[in-house]
Amino acid sequence: MRLISHATLALLALTTPAFAQEVTLRFQHFVAPASANPTYFMQPWADAIAEQSGGRIKVEIYPFMQLGGSATNQYDLIRDGAIDGGWVIPGYQPNRFPEAEALELPFMTTKSAEEASAAAWAFTQDHLLDDFADVHIIAAHMHGPGILHKRGDAPATIADFAGLKLRGPSRTATLLLEELGASPVGMPVPQFPEAIARGVVDGGVIPWEQAPSLKLDELTDSHTDVAGDRSLYNLYFLWAMNKATYDALPDDPRAVIDANSGLMASRWAGRAHDTGDALGRDVMAASGNVIAELSAEQTAAIMAIGAGVTSRWITEMNTKGYDGAALVAAAQLAVEANIGE
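In this text, all values refer to a predicted model and were calculated from it rather than measured experimentally. (Residues numbered from 1 in each chain as written. Predicted model: local features only at pLDDT ≥ 70, side-chain atom pairs only at ≥ 80, totals over all residues. Heavy atoms only, no water.)

Enquirer: Before we move on, can you summarise the sheet that holds strand β10 (residues 236-242) with the specific residues and values?
Expert: Across a sheet, paired strands are connected by hydrogen bonds in the backbone, their directions being either parallel or antiparallel. Read from one edge of the open sheet, five strands run β2-β1-β3-β10-β4, paired in mixed fashion. Two strands lie at the open edges of the sheet, namely β2 (57-62) and β4 (135-142), each paired on one side alone. The mean inter-strand angle of the sheet, taken between neighbouring strand axes irrespective of direction, is 20 degrees. Pairing of strand β1 (residues 23-28) with β2, which is carried by six bridges, proceeds in the parallel orientation. The partner of Q28 across the bridge, within β2, is Y62. Contacts from helix α4 (residues 113-127) reach β4 and β10 within the one sheet, and its direction differs from that of β4 by about 145 degrees. (Pairing = 2+ DSSP bridges. Helix = DSSP H or I, 4+ residues; strand = E, 2+ residues; numbered from the N terminus. Axes fitted to C-alpha atoms, helices over the stretch in contact; angles between N-to-C directions. Contact = heavy atoms within 4.5 Å.)

Written as structure tokens, this is what we have:
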């Protein structure tokens, strides 16, 4: 039986065409409130909703999963109405949303989170609406470049990945790490700092913007990117709302949500990561940690390995009844169409 949120019950009580009653929507996420997306997208988005509704819609943002549950089951919390909305990483539930993985394949996206997020919105509209039909999607976005943060020296060659225990956020990321010779450990971002501190992992991949809030300036010694304008890997996110709560909104407040949804909201979320990436990199550099970039030659070798991961993914998707090659081509087309846009 589907749960109905408090906000939905309140909205169902509204009987007049004019929206005169205040509604409070509770959204949650799983990272520090000072990190990039909450600071530069989530809270400004909530403020915009309040302002444009004349204060009649209030969106409360709860960090660190304060409303309950875990980062891995956030989608279900939204779907079931335990919360009104929140931030979702579909990849935290491996194999549940396989088509979304096309955007997360090695070197698929550029290092611009805004460009990648515009591509994510386009790909979602064309290929993923059925997958996420039981929630209301406000934005679909990606982060910026995926960076390897580790204790000890920065890797200079592929051989330096051998045997490293490295955190990966998604199935596609861990597939790549494995092919590079590392021992991947899949885990949500909230578990990463403790895993490094306890020596469970030697490091892991995560964007620059998360590094300060995770205290990676203290927990790691080096931060390594690949050469060129393509990201080593990426991660697909949703900013989503309980469908029943959204559907129960009267026309006026729903129009406010709609005006702050879609491509513009997806780009906005991406820009938040771009802003946070620049600041996060500066914090790591100021700490005295090594900021490194793999050579063009080594990056090309990793790209070749990444191409093998993509081929393996296509074959796997074909066995599941999807057209893997078509999904990869569609993701590539969405990315290329939004470069420089």
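Here the narrative resumes, following the displayed structure.
Enquirer: Outline helix α10 (residues 263-286), supporting the account with residue identities and numerical values.
Expert: In a regular helix each residue adds 1.5 Å, so 24 residues correspond to 34 Å; α10 covers 35 Å between its end C-alpha atoms and thus fits that length. Residues of α10 that are buried: A265, S266, R267, W268, A269, G270, A272, H273, G276, D277, G280 and M284. Phi turns positive, to about 95 degrees, at G288, one or two residues after α10. (Expected span 1.5 Å × (residues − 1). Buried < 20%, exposed > 50% of the residue type's maximum accessible area, 1.4 Å probe, protein only.)

Enquirer: Please set out helix α12 (residues 324-337) residue by residue, giving values where relevant.
Expert: Because an α-helix completes one turn every 3.6 residues, residues spaced three or four positions apart along the sequence face the same direction. The first and last C-alpha atoms of α12 sit 20 Å apart over 14 residues, in line with the 20 Å expected at 1.5 Å per residue. Turning to α12, the residues buried within the fold contact α4 and α11 (296-319).

Enquirer: Could you give me a rundown of the side chain of N260, with the residues and numbers involved?
Expert: Structurally, N260 can be placed in the loop between α9 (251-259) and α10. Given a relative accessible area of 3%, N260 falls into the buried group. Among the polar contacts listed, one links the side chain of N260 to the side chain of Q52, at a separation of 2.9 Å. (Polar contact = N/O pair within 3.5 Å; in protein donor to acceptor, adjacent residues only side chain to side chain.)

Enquirer: Describe the nonpolar core, naming the residues involved and giving the relevant values.
Expert: With 80 residues, the main nonpolar core has W45, Y236 and W239 as its most contacted residues. Counting residues in each nonpolar core, the second largest holds 19 residues, with F107, I158, L176 and L232 among its members. (Core = buried A, V, L, I, M, F, W, Y, C linked by side-chain atoms within 4.5 Å.)

Enquirer: Break down the confidence of the model for the protein chain for me, with residues and values.
Expert: Here the protein chain averages 94 in pLDDT, and 94% of its residues register 70 or above. In the predicted structure, residues 12-19 sits below a pLDDT of 50 and forms nine contacts with residues beyond four places in sequence or in another chain. (pLDDT = per-residue confidence, 0-100.)

Enquirer: I'd love a proper account of the side chain of T224, names of residues and values included.
Expert: Take T224: it is sitting in strand β9 (residues 222-225). Given a relative accessible area of 4%, T224 falls into the buried group. Each residue touching T224, except ones within four places of it in the same chain, is listed here: I147, L148, A154, P155, A292 and L294.

Enquirer: If you had to explain the sheet that holds strand β8 (residues 203-207) to someone new, which residues and values would you point to?
Expert: Taken in spatial order, the six strands of this open sheet run β7-β6-β8-β5-β9-β11, and their pairing is mixed. At either end of the open sheet lies a strand with only one pairing partner, and these are β7 (183-186) and β11 (290-293). Between one strand axis and the next, the sheet turns by 30 degrees as a mean value, whatever way the strands run. In this sheet, β7 lies alongside strand β6 (residues 165-168) in parallel orientation, the contact comprising four bridges. Its bridge partner being in β7, R167 is matched across the sheet by V185.

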